[in-house]
Amino acid sequence: MKPLLFLSLACAFTLRAFAQDAVAPNDTARFLAGLPVRDTPLEGLSRNSAWVDHATEFDKAWKELDARQLTKIRAWSGEFLSDASADKGPMFYMFSGPDILYAQAFFPNASTYVLAGLEPVGPIPDILHLPPGALFPSLENLRKSLNSVLSFSFFITKDMKVDLQQKQLSGTLPVLYVFLARAGCKIDSVEPVWVDKGGTPSNATSKGAASGVKIIFFGPGGAQQTLYYFETDLSNEGIKSKPGFIKFCESLGTGRTLVKAASYLMHLGDFTSVRDFLLAHTSTIVEDDSGIPIKNFDSAKWTLRYFGNYSGPIDLFKKFPQPDLFAVYKNSHPPALTFGFGYSWHPARSSLILATAKSPAGDNVPTPKPVTAPTQ
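Residue numbers here run from 1 along each chain, matching the order of that chain's written sequence. Local features in this predicted model are restricted to residues of pLDDT 70 or higher, and side-chain atom pairs are both shown and tallied only at a pLDDT of 80 or more, whereas totals for entire chains, interfaces and linings draw on every residue. For the side-chain quantities, the full set of heavy atoms in the structure was used; hydrogens and water were omitted.

A.B. asks: Explain the packing of helix α3 (residues 49-80) against helix α9 (residues 173-182) to me, using residue names and the numbers behind them.
C.D. replies: Each axis is a line fitted through C-alpha atoms, taken for helices only over the stretch in contact, and angles between the N-to-C directions span 0 to 180 degrees. Segments assigned H or I by DSSP are reported as helices when at least four residues long, segments assigned E as strands when at least two residues long, and all are numbered from the N terminus. Two elements in contact, α3 and α9, have axes whose closest approach is 12 Å; the angle formed by their N-to-C orientations is 65°. As for the relative orientation of α3 and α9, their crossing is right-handed in sense. Residues Ala55, Phe58, Asp59 and Trp62 of α3 lie in contact with α9, whose contacting residues are Val178, Phe179 and Arg182. Each crossing gets its hand from how the near helix is turned against the far one by less than a right angle, where anticlockwise is left-handed and clockwise is right-handed. Throughout, a contact is declared for two residues whenever any of their heavy atoms are within 4.5 Å.

Take a look at the structure:
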């Protein structure tokens, strides 16, 4: 029995040592975001000149971003989304990548945020156990991965494929940490999550499960909120092979939706399932022209309001013009936007569409259209 007793004591000591050495996720988030981490295990690292430079660059970038974008979005949301932004129901953001930043700016009071994209979650950041010499180059890469969203309001997909697959601080989690910390939130817990084919969340994987992360945090006002990010294929085939993600979203009830810089995927026949889900299960949709085409909004079920200017898609997506949207903007002269939104990121060239359901979201299920076989 003595060897077993010794082993038990050794394990207990190891666990206590690990607990003392462990860094709370909120402290990690603040460190990554370049915010003070006094009286934490990371305080010593924050005295390094490379981290001080990291913090200085983030402070400057965030000050500019807040003045140019976030303050103006919050003001717009308060004026035009007063009921929706105050609503505590779920908020859906498909094709989002790790962009919790804009989700919170438009819908600050959601009880649950559900973000989804192809970008991997990555491991939970562990600052104290990175290889020697890896930390500060990793912080530099983290800043680089945020350049486009800080400058243009959206992530560039091809760049994310590279930036989020670095050996250290990889995946979407470090970015989510930075955005939450800089938004004034306090992270309480972080854990991996899977949803099985029936839509039930679990902390264990299963065949056909969609993988993600669950973050519980407290918003700037002190309310507890939950963020889910899922790495999942939102094409019709992807949803068919892993139906649990959409079923999980359905279980949350009627929500609000943000869509921007979505590569015009819901203009394609391969993404009708996610488009129909949003039309059927959300009561407010804020989108740019890359989201749901306006022809898919039934005028008997939806009220559409337009903001900014529409001059058509950027060259990369020029095959997705909407002639009916051109006509609306030409004839109605919508109010200007004071912030950039979507691919045409300059306020003078940005368009924003606000769709509000006229009836309960459950009544908005689109009528299935006959499928025509492609011509051979």
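So that's the structure; there's more coming.
A.B. asks: Outline the packing of aromatic side chains, listing residues and values.
C.D. replies: Centres within 6.5 Å make a pair out of two Phe, Tyr or Trp rings, where for Trp the six-membered ring is used; the pair is then stacked when the planes are under 30 degrees apart, edge-to-face when over 60, and tilted otherwise. All chains considered together, the criterion is met by 25 aromatic pairs. Between tryptophan 62 and phenylalanine 179, the aromatic rings sit 5.9 Å apart at their centres with planes inclined by 55°, giving tilted as the arrangement. Of this pair, tryptophan 62 sits in helix α3 while phenylalanine 179 is found in helix α9, placing the two residues 117 residues apart along the sequence. The pair tryptophan 62 / phenylalanine 179 is uniform in exposure class, with both members buried. Two conditions define a charge located above a ring, namely a distance within 6 Å from the ring centre to NZ of Lys or CZ of Arg, and an angle within 35 degrees of the ring normal. We note lysine 260 situated over the ring of tyrosine 102; from NZ or CZ to the ring centre the distance is 4.4 Å. Whether a residue is buried, partly exposed or exposed follows from its accessible area with a 1.4 Å probe, protein chains only, as a fraction of its type maximum: under 20%, in between, or over 50%, in that order.

A.B. asks: Tell me about empty space enclosed by the protein, and please be specific about residues and values.
C.D. replies: Each cavity reported here is a set of points on a 1 Å grid over the protein atoms alone in which a 1.4 Å probe fits but cannot get out, each pocket an open set with protein on both sides within 12 Å along at least five of seven lines, and each lining residue one with an atom within 4 Å of a point. Grid points are joined across faces, edges and corners, and a volume is the space filled by probe spheres set on the points. Per the counting criterion, the structure on display carries one cavity of 30 Å³ or more. In terms of lining residues, the largest cavity is bounded by 14 residues, among which Asp289, Phe341, Ser344, Arg349 and Ser351 are the most central. Residues are grouped as follows: nonpolar covers Ala, Val, Leu, Ile, Met, Phe, Trp, Tyr, Cys and Pro; charged covers Asp, Glu, Lys and Arg; every other residue, Gly included, is treated as polar. Residue composition of the lining of the largest cavity, grouped by class: four nonpolar, seven polar and three charged.

A.B. asks: I'd love a proper account of the pairing of strand β3 (residues 186-195), names of residues and values included.
C.D. replies: Any two strands with at least two DSSP-identified bridges between them are counted as paired. Looking at chain direction, β3 and strand β5 (residues 210-218) are connected through nine bridges and run antiparallel. When the sheet's bridge partners are listed, serine 189 is paired in β5 with isoleucine 216. The sheet contact formed by β3 and strand β4 (residues 201-202) spans two bridges and is antiparallel. Each residue of the ladder has a partner; that of tryptophan 194, found in β4, is serine 202. Where β3 folds back on β4, the antiparallel hairpin that results is connected by five residues, among which glycine 199 adopts a positive phi of roughly 90°.

A.B. asks: Which residues make up the packing of α3 against helix α6 (residues 135-145), and what are the values?
C.D. replies: At a minimum axis distance of 10 Å, the contact between α3 and α6 shows a crossing angle of 10°. Our classification of the angle between α3 and α6 gives roughly parallel. In contact with Ala50, Trp51, His54, Glu57 and Phe58 of α3, α6 contributes Phe136, Leu139 and Arg143. Here is the rule for angles: anything less than 35 degrees is roughly parallel, anything more than 145 is roughly antiparallel, 65 through 115 is roughly perpendicular, and the remaining ranges are oblique.

A.B. asks: Quick rundown of the sheet that holds β3? Include the residues and the values.
C.D. replies: Across the sheet, 10 strands lie side by side as β4-β3-β5-β6-β2-β1-β7-β8-β10-β9; this open sheet has mixed pairing. The strands lining the two open edges of the sheet, one partner per strand, are β4 and β9 (302-308). Across the sheet, α9 touches β2 (112-117), β3, β5 and β6 (224-231), and the angle it forms with β5 is around 20°. With respect to the sheet, helix α11 (residues 244-251) is in contact with β1 (90-94), β2, β3, β4, β5 and β6, its orientation differing from that of β2 by roughly 160°.

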